[in-house]
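# Examining the three-dimensional arrangement
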Amino acid sequence: MKKEKFKPLSPSIKTVSQGNLCSGCGACELIAGPSIEIRNTADGFIRPTQLGELSSDQEGLIARCCPGLVQVSCGGAGAQHPLWGNVASLWTGHSTDDDLRFQASSGGGLSAALFFLLGSGKVDGVVQVRASETLPYANAISISTSIEEIAEAAGSRYAPSAPLAGLRSLMGSGKRYAFVGKPCDVAALRALTGLEPALENSFPYLISFFCAGVPSTKGAEEVIRKMGAAPEQVTEFRYRGNGWPGRAVATLADGTTRSMTYHDSWGGILSKHVQHRCKICADGTGDAADIVFADAWEADERGYPLFEERDGRSLILVRTPKGQTILEGAVRESHIAVEPFDIAELEKIQPGQTGRRRALLARLLALRLLGKPTPQYQGFSILAAARTGSFAWSARNFLGMVRRILLGRAP
Ligand SMILES: Cc1cc2nc3c(=O)[nH]c(=O)nc-3n(C[C@H](O)[C@H](O)[C@H](O)COP(=O)(O)OP(=O)(O)OC[C@H]3O[C@@H](n4cnc5c(N)ncnc54)[C@H](O)[C@@H]3O)c2cc1C
Ligand code: SF4
Ligand code: SF4
């Protein structure tokens, strides 16, 4: 009988798995496929499975680029904002195409930037996420080569996506792609690009969005059940868009639809299904991207964001000279209309990002004190961010994480 070959488990993958630190970016498959394959798991996330032995080069690359293990800020030598990092310029704006503005997640700014990159010939296509054809509330990676395809993919999808996993197949053709991913996806790709320059030729523009965390697909299933339907009945699913913020809408096999407000779907259900790595994320704001988009929520007099339906407005944060080129080009070609935004106001309209950055030091301390692994963050001003908040907030988050660990809910 043929003996199965012993495959020693990658120490990096083992640490990530033991600490539940995987964000599901897919970089390990890009580095070490087919020995590593990204798969859907029973708990509704995307995680690596090791199928073969890794070379020491592959092991080394994963150890340096996996965002579950390490993340180095790209902030550079300039003065860093303790909460928002390296900000070259900050704007609000919206797509000038009314249909796109309506369809998109916030103001369609991100898709408008992609219209410019594709339309001006700076790229041949866009690597982005859209609805899966087999499971409508899950995600698939698509390569858009027309503005129609970019518009179809507009809208945030609060479910796992691993956009790095298949990138190897796009290299070597001489084609250039814009890459859209979560901040951790972009961080992993940026880190890899520094070690494998050929990646930059294929993926010269890295675009991201503010990210509060990725929920399991179990979250969407709970939303669908709360809407009074069964997940198996769903043929199409939008998490939001078609308005700002827009409702979560499930279309069923009989042609009827069920819907729920953003406040109830994200605030009441999806946010409770977010993976552990996201609760200790040092970078929900796309530190490694060229340009980053978010919701430019309106705030009430107490500073709480208002989620009443209105015309969409994107927040646009430029981080690099390439990002500036994208924004200037998109404005010049009339894809997007913008106005400057004061960074001092950002905290008010992004309370979730602000609170998590301020809580990070306390949460990491709790994990380390109880012997749990954490990602190694370098250059993220974690102490400075904590100091912008109150001692009470840090204490609450420290005790909250200790409690989660003792109750077996983390990591
Ligand atoms: C998981 C998640 C968490 C978010 N958290 C915040 C937050 O805390 N604060 C905030 O202001 N904004 C957050 N956003 C971003 C926000 O919802 C909008 O995407 C952003 O404002 C850009 O809007 P837009 O109209 O310019 O983009 P659009 O023109 O609608 O384009 C959206 C782009 O995002 C891509 N995309 C959608 N879902 C995913 C996904 N799961 N993985 C990778 N790419 C995806 C699409 O392919 C498309 O290219 C989050 C988005 C996601 C997916
Ligand atoms: S975080 Fe990304 S690179 Fe690290 S194990 Fe998970 S999928 Fe792989
Ligand atoms: S919160 Fe951070 S770790 Fe989680 S998906 Fe978003 S960028 Fe990645």
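Residues numbered from 1 in each chain as written. Chains lettered and ligands numbered in written order. Predicted model: local features only at pLDDT ≥ 70, side-chain atom pairs only at ≥ 80, totals over all residues.

### Let's talk about the overall build of the chain
When you go through the chain residue by residue, the secondary structure sums to 16 helices and 17 strands. Expressed as lengths along the three principal axes of its C-alpha atoms, the size of the chain is roughly 65 × 55 × 55 Å. Residues classed as buried in the chain amount to 47% of the 411 residues present. Across the chain, the fraction of contacts at a sequence separation of at least 24, relative to all contacts at a separation of at least 6, is 73%. (Helix = DSSP H or I, 4+ residues; strand = E, 2+ residues; numbered from the N terminus. Buried ≥ 20, exposed ≤ 12 C-beta atoms within 10 Å, placed from the backbone. Contact = placed C-beta atoms within 7 Å.)

### Here we look at the site of ligand 1
The environment of ligand 1 is formed by 34 residues, the closest being A104, S111, S156, A212 and A294. Those elements giving two or more residues to the shell around ligand 1 turn out to be α5 (109-119), β5 (125-131), β12 (291-295) and α14 (351-369). Among the residues forming the shell around ligand 1, the class breakdown is 15 nonpolar, 15 polar and four charged. (Near = placed C-beta within 6 Å. Nonpolar A, V, L, I, M, F, W, Y, C, P; charged D, E, K, R; others polar.)

### Structural notes on the packing of α14 against helix α16 (residues 391-406)
Close contact between α14 and α16 brings their axes to 8 Å; oriented N to C, the two are set at 40°. With respect to their mutual orientation, α14 and α16 come out oblique. The crossing of α14 and α16 is right-handed. Of the residues in α16, those touching α14 at R358, A359, L361, A362, R363, L365, A366 and L367 are W393, S394, N397, F398, M401, V402 and I405. Taken together, the residues of the contact of α14 with α16 break down into eleven nonpolar, two polar and two charged. (Axes fitted to C-alpha atoms, helices over the stretch in contact; angles between N-to-C directions. Parallel < 35°, antiparallel > 145°, perpendicular 65-115°, else oblique. Left-handed = near helix turned anticlockwise from the far one by under 90°.)

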